[in-house]
Amino acid sequence: MLVLGLETSCDETGVALYDSERGLLADALFSQIDLHRVYGGVVPELASRDHVKRMLPLIRQVLAEADCVATEIDAIAYTAGPGLVGALLVGASCAQALAFAWGIPALGVHHMEGHLLAPMLEEQPPEFPFVALLVSGGHTQLVRVDGIGRYELLGETLDDAAGEAFDKTAKLMGLNYPGGPEIARLATQGVPGRFVFPRPMTDRPGLDFSFSGLKTFALNTWQRCQSAGDDGEQTRCDVSLAFQQAVVETLTIKCKRALKQTGLKRLVIAGGVSANKALRASLEDMLAGIKGNVYYARPQFCTDNGAMIAYAGCQRLAAGQQESLAISVQARWPMEQLAPL
Ligand SMILES: Nc1ncnc2c1ncn2[C@@H]1O[C@H](COP(=O)(O)OP(=O)(O)OP(=O)(O)O)[C@@H](O)[C@H]1O
Ligand SMILES: [Mg+2]
């Protein structure tokens, strides 16, 4: 089954072709980062308009790359939520219009299920069951995964997502959007131990997170340095390192706890923050200590992309799931509401 996947939940237009027999055939992405950078974050209306411009050229591009023609496509999968409603509607309308014109089914995919399944595209995919840490710009969740659509939420952030905390901390120090890669880059030059940030909610039981306090701690630290006239590049690096270490250690402690609680030894990390090298190293260390394994996608499939949507859609379409031609998207959509396969 050859599936065209369309991703438009936020500020990346992603298109890919995934075949159930041959695997991923082509994948193309247009990132709107330059468009939103001047505003320091995503402007929803600009995002929607840009998806309209990019979608059809990207579809032509992946068809050419895969050496396919439109009549070979068996079905279309698109991101139906959660995300920005206007941006989601572009992908949904495009998918439903093409599906109608080509006489094939279309299926709305959950964006976070896409992230969660992205490591399945790698050479050594994880087997079910596993614990998944979803760490992205809008989500921080620990989920027990027993199969596709068999999700049990173990814990989640009570306020900011981890990626959001990276972005906000970067912004307050005058760094570019998105802040995660910027902080990670500066952290490599940071002096360990100059600043020590708290590890929020690790001293009490449970698997929930809270990251807004870390951002405030970063703000206070940065402002104190500014008043002392010590707000140069090295201080940015030192704050970046201290902040990143706090996020990484907090996530590692909670993952360890989740694995212990579930008795599982396989951990999947997904979403933009799972591209962070310090996080990967820390989790690999922790998993080595309990003789377990950690799985993640290649960096370009950690952030938003069409391949994960094509893959997730293909699994559900191949199992016979279909939907009507109605164009409907959801800004909020708990993953536990998904039907199991
Ligand atoms: N190397 C990195 N280190 C830390 N954070 C990173 C890194 N690379 C990307 N990020 C962060 O990942 C986030 C983007 O990830 P992603 O595209 O998965 O999120 P999103 O799609 O905006 O949110 P969601 O998937 O929850 O809707 C941003 O917050 C970005 O700063
Ligand atoms: Mg995402």
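What you see is a predicted model, and the numbers here were worked out from it, not measured in a lab.

Bringing the packing of aromatic side chains into the picture now. Summed over all chains, the structure comprises five aromatic pairs. Relative to Phe-243, the ring of Phe-166 has its centre 5.1 Å away and its plane inclined at 90°; by these criteria the two rings are edge-to-face. Of the two residues, Phe-166 is situated in helix 5 (residues 162–172) and Phe-243 in helix 8 (residues 233–262); the sequence distance between them amounts to 77 residues. By relative accessible area, Phe-166 is classed as buried at 3%. The class for Phe-243 is buried, based on a relative accessible area of 0%. Across the ring face of Phe-209, the terminal group of Lys-254 is positioned such that the distance to the ring centre comes to 5.6 Å. Sitting above the plane of the Tyr-296 ring, Arg-280 keeps its charged end 3.8 Å from the centroid.

Attention shifts here to the site of ligand 1. Close contacts around ligand 1 come from 22 residues, with Ser-136, Gly-138, His-139, Asp-167 and Asp-304 the closest. At a separation of 3.0 Å, an oxygen atom of ligand 1 approaches a polar side-chain atom of His-111. Isolated, ligand 1 exposes 640 Å² of accessible area, and the fraction of that covered by the protein chains is 88%. Among the elements of the structure, helix 4 (111–117), helix 5 and helix 6 (179–187) are those that each provide at least two residues to the shell around ligand 1. Across the shell around ligand 1, the residue classes tally to seven nonpolar, 13 polar and two charged.

Turning our eyes to something else, we now look at the side chain of Thr-202. In this structure, Thr-202 sits in the loop between helix 6 and helix 7 (212–227). For Thr-202, a relative accessible area of 17% translates into the label buried. Among the polar contacts listed, one links the side chain of Thr-202 to the backbone oxygen of Arg-199, at a separation of 2.8 Å. Those residues in contact with Thr-202 that lie beyond four places of it in its chain are Thr-250, Ile-253, Lys-254 and Arg-257.

What follows is about the sheet that holds strand 7 (residues 140–147). Read from one edge of the open sheet, five strands run 8-7-6-9-10, paired in mixed fashion. Single-partner strands in this sheet number two, and they are strand 8 (150–156) and strand 10 (293–295). Taking each pair of neighbouring strands and ignoring which way they run, the sheet shows an average axis angle of 25°. Here six bridges tie strand 6 (residues 130–135) to strand 7, and the two strands are oriented antiparallel to one another. Within strand 7, the residue paired with Val-131 across the bridge is Arg-144. Most of the contacts of helix 8 go to strand 6, to which it runs at about 155°, and overall it touches strand 6, strand 7, strand 8 and strand 9 (266–270).

This next bit is on the packing of helix 2 (residues 44–66) against helix 3 (residues 85–102). Two elements in contact, helix 2 and helix 3, have axes whose closest approach is 9 Å; the angle formed by their N-to-C orientations is 35°. Here helix 2 and helix 3 pass one another in a crossing that is right-handed. Where helix 2 approaches helix 3, its residues Ser-48, His-51, Val-52, Met-55, Leu-56 and Ile-59 are matched on the opposing element by Gly-86, Ala-87, Val-90, Gly-91, Cys-94 and Leu-98. Class assignment for the residues of the contact of helix 2 with helix 3 results in eight nonpolar, four polar and no charged.

The end-to-end C-alpha distance of helix 8 is 43 Å, a good match for the 44 Å that 30 residues give at a rise of 1.5 Å each. The element helix 8 is largely enclosed, with a buried count of 21 among its 30 residues. Within two residues after helix 8, Gly-263 carries a phi angle of roughly 75°, on the positive side.

Among the secondary structure elements, Pro-119 is positioned in the loop between helix 4 and strand 6. Exposure remark for Pro-119: the relative accessible area of 2% places this residue in the buried category. It is 6.5 Å that separates the C-alpha atoms of Pro-119 and Tyr-295, two residues lying 176 residues apart in sequence.

Note the cis peptide between Phe-128 and Pro-129, where omega equals -5°. In this structure, Pro-129 sits in the loop between helix 4 and strand 6. For Met-201, which is not glycine, the phi dihedral falls at a positive 60°. One non-glycine residue, Lys-291, lies in positive phi territory at about 55°. Mapped onto the elements, Lys-291 comes out in the loop between helix 9 (277–289) and strand 10. In this structure Lys-291 comes out as exposed when scored by relative accessible area, which is 75%.

Here we take up the state of the cysteines. Going through the model one piece at a time under the given rule, you end up with zero disulfides. There is no disulfide at Cys-94, and the cysteine sulfur nearest it, in Cys-68, is 17 Å away. On the basis of relative accessible area, Cys-94 is assigned to the buried category, the value being 14%. With no disulfide of its own, Cys-314 lies closest to Cys-68 among cysteine sulfurs, the gap being 13 Å. The buried category is assigned to Cys-314, whose relative accessible area is 2%.

Glancing now at the sheet that holds strand 5 (residues 106–110). In spatial order, the strands read 3-2-1-4-5; together these five strands make up an open sheet with mixed pairing. The open sheet is flanked by strand 3 (23–31) and strand 5, the only strands paired with a single partner. Shown here is a sheet whose adjacent strand axes are inclined to one another by a mean of 20°, direction ignored. Where strand 2 (residues 12–19) and strand 3 come together, eight bridges link them in antiparallel fashion. Opposite Val-15, over in strand 3, you have Ala-28 as the bridge partner. Sheet strands in contact with helix 3 are strand 1 (2–7), strand 4 (75–81) and strand 5, and its direction is about 160° off that of strand 4.

Rules and cut-offs
Here the residue index of a chain counts from 1 through its sequence in written order. Labels are handed out in written order, letters beginning with A for the chains and numbers beginning with 1 for the ligands. With the structure being a predicted model, the display of local features is reserved for residues of pLDDT at least 70 and the display and counting of side-chain atom pairs for 80 or more, all residues being used for whole-chain, interface and lining totals. With hydrogens and water set aside, each side-chain value is computed from the structure's full complement of heavy atoms. Geometry of aromatic contacts follows a simple scheme: Phe, Tyr and Trp rings, the Trp one being its six-membered ring, pair when their centres are within 6.5 Å, and the pair is stacked under 30 degrees between planes, edge-to-face over 60, tilted otherwise. Labels follow the DSSP assignment, with helices taken as runs of H or I lasting at least four residues and strands as runs of E lasting at least two, numbered in each case from the N terminus. Burial classes: relative accessible area under 20% of the type maximum marks a residue as buried, over 50% as exposed, and values in between as partly exposed (1.4 Å probe, protein chains only). Here, a charge over a ring is recorded when the distance from Lys NZ or Arg CZ to the ring centre is within 6 Å and its angle to the ring normal is within 35 degrees. Being near a molecule or strand, for a residue, means having at least one of its heavy atoms within 4 Å of it. Each polar contact in these results corresponds to two N or O atoms within 3.5 Å; when the atoms are within protein, one needs to be able to donate a hydrogen and the other to accept it, and residues that are neighboring in sequence are counted only if both atoms are side-chain atoms. In this description, accessible areas are obtained by the Shrake-Rupley approach with a 1.4 Å probe, and a residue is regarded as covered only by the protein chains that are shown. Under the convention adopted here, Pro, Cys and the residues Ala, Val, Leu, Ile, Met, Phe, Trp and Tyr are nonpolar, Asp, Glu, Lys and Arg are charged, and Gly plus all remaining residues are polar. The contact criterion used is simple: two residues touch if any of their non-hydrogen atoms lie within 4.5 Å. DSSP bridges decide pairing: two strands pair if at least two such bridges lie between them. Orientation is described by axes fitted as lines to C-alpha atoms, over the contacting stretch for helices, and by angles from 0 to 180 degrees between their N-to-C directions. The handedness criterion is simple: a crossing whose near helix is rotated anticlockwise from the far helix by less than a right angle is left-handed, and one whose near helix is rotated clockwise is right-handed. Take the residue count of a helix, subtract one, and multiply by 1.5 Å to get its expected span. Two cysteine sulfur atoms make up a disulfide if the distance between them is within 2.5 Å.

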